[in-house]
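# Chains, contacts and geometry: an overview
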Number of protein chains: 2
Amino acid sequence: MKKNLLVVGSVAFDTIENEYGHADRVLGGAASYSSIAASYFAKPAIVAVVGTDFTAKDRAPFKKCKIDTAGLEVKEGKTFHWGGSYDKDLKNAITKFTDLNVFQDFNPVLSAKQKEAKAVFLANIDPELQLSVLKQIKKPTLVACDTMNYWISSKKAALLKVLKKTDLFFLNEGEARQLTGEYNLIRAGKKILKLGAKHVIIKLGPNGSMLVSKLGIVQFPPYVLEGVHDTTGAGDTFGGSATGYLASLSKWDTLLAIKRAMMIGNVMASFTIESFSVKRLAGIKKGELEKRLKNYTSMLRF
Amino acid sequence: MKKNLLVVGSVAFDTIENEYGHADRVLGGAASYSSIAASYFAKPAIVAVVGTDFTAKDRAPFKKCKIDTAGLEVKEGKTFHWGGSYDKDLKNAITKFTDLNVFQDFNPVLSAKQKEAKAVFLANIDPELQLSVLKQIKKPTLVACDTMNYWISSKKAALLKVLKKTDLFFLNEGEARQLTGEYNLIRAGKKILKLGAKHVIIKLGPNGSMLVSKLGIVQFPPYVLEGVHDTTGAGDTFGGSATGYLASLSKWDTLLAIKRAMMIGNVMASFTIESFSVKRLAGIKKGELEKRLKNYTSMLRF
């Protein structure tokens, strides 16, 4: 039986334009991507908020992936809606609008059951909310946390408090440099270890990911892919699936386990970037996932 | 006994400034880095030109690495001298001056022995010179070639002719995009295969390297390193050592052999970037190299 994973973050609508096309008001949000990605390895329960415009159809991917949505609060008003466009490199999104709507007053209150959570993925939200969630969870054994540049500049003090309680901290290379003032990513990672995170995973976008931890320093390539269509949610997919995999283990804090989690994160992200929204991610067949994991390990074998 | 490798390219003086210090008129040039790197796996003979200001001390690293310098022509005048500075990322060099000096009229004429070469590394020089070298070599079994953005824009026709005779083509990601107009590197690599190169290796700087070939598509991470001091020559080191390794094999054109060559290129480049010039590269101890190769394979093992 799959083990539980609590996922706290945003469920949103995305409107995206890039070189390969556009998508209007499709399911997005860090909690959506990360919980759906994690569902292949664990049983996620999400804590998030949507508006009354969020339909059964919007909810379908969660249902398909057997995600516990008891904590998906429905509030009078509209769902968080983000709009952006990408450059040719699909790397840097230019935000066109951010309508927070009901997300503006998101205040995650955990149920009695959720407070017993062992593993939690704090997707990219206000670090003050992340702290509030951590205070409610009684005895977590795996706390994973993601963030973004916005919180590093606007809520650094709260983020530093979160870091002290974080086992696995995910951030991208620009954010690692911003947080530490170090250009070299190993040095940046080591500074974040000193700030209190137990293991730091730096997401390198099209170049894979890097672990900086007392257990070791590891850089892994991405799953190589020609048919990249949209990179929205790739980082959330990476973090969610890596955490979901670790949550499934009886002992997660070994170098081998974290390396496998990174491999899984890299491979799962390769599905997300093949389509807009969670279309590809929510429908991965068992054989497809196994094939990519096999390709990946075989690529790295000498 | 080590097998022969012909290396044709530039031997130069570099004057470099970056965040970690500066180096004045130190040994540089693509043929220097690539031949010294290759010397750990093959016996390189260089074809290059220097001025009368090139002293025995400047020549010492070649001697130390047992490089055949019979083809190092000494011409009345000054040695090629490049000056540049780097940004904090050590990635993009800003050229301050390029004094070609005696290199301006470099016209590689091979000796009878050199014409019998089986393996050749055509370091980054004018593709017309690369073509002229290829015409002189009777029956090469491994032709490796490097280039740069300048030749892609100014001598594309000649470069395309070189490509048709190239087994192993090295270029960086910006150059791959420039040459093909494709942003996705797998697509760019495939276009270069269509242009005639048998295997394409795209150098990714701090993110390792990628192979695009009919044998497979592979992306490898770099050797992770905290103490990066100067990245000048890292790409030449990568290409030279990878080619030197392949030249040492009785059969080089297999996926496993090329993957090992990429590993060696990534590891050798990690030495080059630890110092200015070839200081670190020319003095690697056997145990040090073996240790890094072992670290690298162990990093990628699950």
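Residues numbered from 1 in each chain as written. Chains lettered and ligands numbered in written order. Predicted model: local features only at pLDDT ≥ 70, side-chain atom pairs only at ≥ 80, totals over all residues.

Moving on, we get to the sheet that holds strand β3 (residues 21–28) of chain B. Residue and element names in this part refer to chain B. One open sheet holds the four strands; their spatial order is β3-β2-β6-β7, and the pairing between them is mixed. Where the open sheet ends on each side, the last strands, each with one partner, are β3 and β7 (93–99). Going from strand to strand, the sheet's axes swing by 15° on average, the running direction of each strand aside. Taken together, the six bridges between strand β6 (residues 81–86) and β7 define a ladder with antiparallel strand orientation. For Ser85, the partnering residue across the bridge sits in β7 and is Ile94. (Pairing = 2+ DSSP bridges. Helix = DSSP H or I, 4+ residues; strand = E, 2+ residues; numbered from the N terminus. Axes fitted to C-alpha atoms, helices over the stretch in contact; angles between N-to-C directions.)

A word on the sheet that holds strand β4 (residues 43–51) of chain A. Residue and element names in this part refer to chain A. Pairing in this open sheet of nine strands is mixed, and the strands run β5-β4-β1-β8-β9-β10-β11-β12-β13 from one edge to the other. A single partner strand is all that each edge strand has here, and the edge strands are β5 (68–75) and β13 (216–220). On average, each strand axis in the sheet is tilted by 15° relative to the strand beside it, whichever way the strands run.

A word on unusual backbone geometry. Although it is not a glycine, Lys66(A) adopts a positive phi angle of roughly 55°. Residue classification places Lys66(A) among the exposed positions, given that 10 C-beta atoms sit within 10 Å. (Buried ≥ 20, exposed ≤ 12 C-beta atoms within 10 Å, placed from the backbone.)

Facing the 26 residues of chain A at the interface are 26 residues of chain B. For the side of chain A that touches chain B, the secondary-structure elements that each account for two or more residues are α7 (185–194), β13, α9 (255–272) and α10 (286–299) of chain A. (Contact = placed C-beta atoms within 7 Å.)

Superposition of chain A onto chain B requires a rotation of 180° combined with a translation of 0.0 Å along the rotation axis, giving an RMSD of 0.0 Å. Both chain copies can therefore be described as sitting about a two-fold axis. Comparing interface residues between copies, 100% of those in chain A also sit at the interface in chain B, which points to an isologous, same-surface contact. (Least-squares fit on C-alpha atoms with pLDDT ≥ 70 in both.)

Attention now moves to the pairing of strand β2 (residues 12–18) of chain B. Residues and elements named next belong to chain B. The buried fraction of β2 amounts to five of the seven residues, a majority that puts the element mostly inside the structure. Note that β2 and β6 share five bridges and pair parallel. Of the residues in β6, the one forming a bridge with Asp14 is Trp82.

A few words on the pairing of strand β9 (residues 142–146) of chain B. Residues and elements named next belong to chain B. Taking burial as the measure, the five residues of β9 include five buried ones, the bulk of the element. For strand β8 (residues 119–122) and β9, the ladder comprises four bridges, and the chain directions are parallel. When the bridges of β9 are listed, Phe121 appears paired with Ala144. A crossover links β8 with its parallel partner β9, the connecting element being helix α3 (residues 127–136), and its sense is right-handed. (Right-handed = clockwise from strand over helix to strand, strands pointing away.)

What follows concerns the environment of Gly208(B). Considering the arrangement of structural elements, one finds Gly208(B) in the loop between β11 (199–203) and β12 (209–213). When the C-alpha atoms of Gly208(B) and Phe238(B) are compared, they prove to be 9.8 Å apart, with 30 residues separating the residues in sequence. The contact partners of Gly208(B), leaving out residues within four places of it in the chain, are Pro221(A), Gln219(B), Phe220(B), Pro221(B), Pro222(B) and Asn266(B).

Next up on the list: the packing of helix α8 (residues 234–247) of chain B against helix α9 (residues 255–272) of chain B. Residue and element names in this part refer to chain B. Put simply, α8 and α9 touch, their axes get as near as 7 Å, and they point 140° apart. The angle between the axes of α8 and α9 places the two elements in the oblique class. Here α8 and α9 pass one another in a crossing that is right-handed. Between α8 and α9, the residues in contact are Ala234, Thr237, Phe238, Gly239, Ser241, Ala242, Tyr245 and Leu246 and Ala257, Arg260, Ala261, Met262, Ile264, Gly265, Asn266, Met268, Ala269 and Thr272, respectively. The residue makeup of the contact of α8 with α9, split by class, is eleven nonpolar, six polar and one charged. (Parallel < 35°, antiparallel > 145°, perpendicular 65-115°, else oblique. Left-handed = near helix turned anticlockwise from the far one by under 90°. Nonpolar A, V, L, I, M, F, W, Y, C, P; charged D, E, K, R; others polar.)

Take α8(B) next. The end-to-end C-alpha distance of α8(B), which contains 14 residues, comes to 20 Å, matching closely the 20 Å that a straight helix rising 1.5 Å per residue would cover. The element α8(B) is largely enclosed, with a buried count of 14 among its 14 residues. (Expected span 1.5 Å × (residues − 1).)

Further remarks concern the nonpolar core. In terms of nonpolar packing, the biggest core is built from 190 residues, with Val8(A), Val7(B) and Val8(B) touching the most fellow members. With near-sequence residues (within four places) excluded, Val8(A) lies in contact with Ala31(A), Val47(A), Pro108(A), Val120(A), Leu122(A), Ala123(A), Ile125(A) and Val133(A). (Core = buried A, V, L, I, M, F, W, Y, C linked by C-beta atoms within 7 Å.)

What follows covers the packing of helix α1 (residues 30–38) of chain A against helix α8 (residues 234–247) of chain A. All names here are of chain A. Contact pair α1 / α8: the axes reach a minimum separation of 7 Å and the direction vectors enclose 40°. One way to sum up the angle between α1 and α8 is to call them oblique. Considering only the axes of α1 and α8, their crossing is right-handed. For the pair α1 and α8, the contacting residues are Ala30, Tyr33, Ser34, Ser35, Ala37 and Ala38 in the first and Asp236, Thr237, Gly239, Gly240, Ser241, Thr243 and Gly244 in the second. Grouping the constituent residues of the contact of α1 with α8 by class yields four nonpolar, eight polar and one charged.

Per-residue pLDDT for chain A has a mean of 96; in total, 100% of the residues score no lower than 70. Interface predicted TM-score (ipTM) for the complex: 0.92; the corresponding pTM is 0.95. (pLDDT = per-residue confidence, 0-100.)

To continue, consider the environment of Ile192(A). All names here are of chain A. Residue position: Ile192 is located in helix α7. Along the chain, Ile192 and Lys78 lie 114 residues apart, while their C-alpha atoms are 37 Å from each other. When sequence neighbours within four positions are dropped, the list of residues in contact with Ile192 reads Phe169, Ala176, Leu179, Thr180, Ala197 and Val200.

Looking now at helix α5 (residues 156–164) of chain B. All names here are of chain B. Within the span of α5, buried status applies to Leu159, Val162 and Leu163. Along the axis of α5, the buried positions cluster into a sector of 105°, meaning they face one direction only. Residues Ala157 and Lys164 are exposed on α5 and point more than 90 degrees away from its buried face. Contact partners of the buried residues in α5: α3, β9, α4 (149–154) and β10 (168–172). (Arc of directions from axis to C-beta.)

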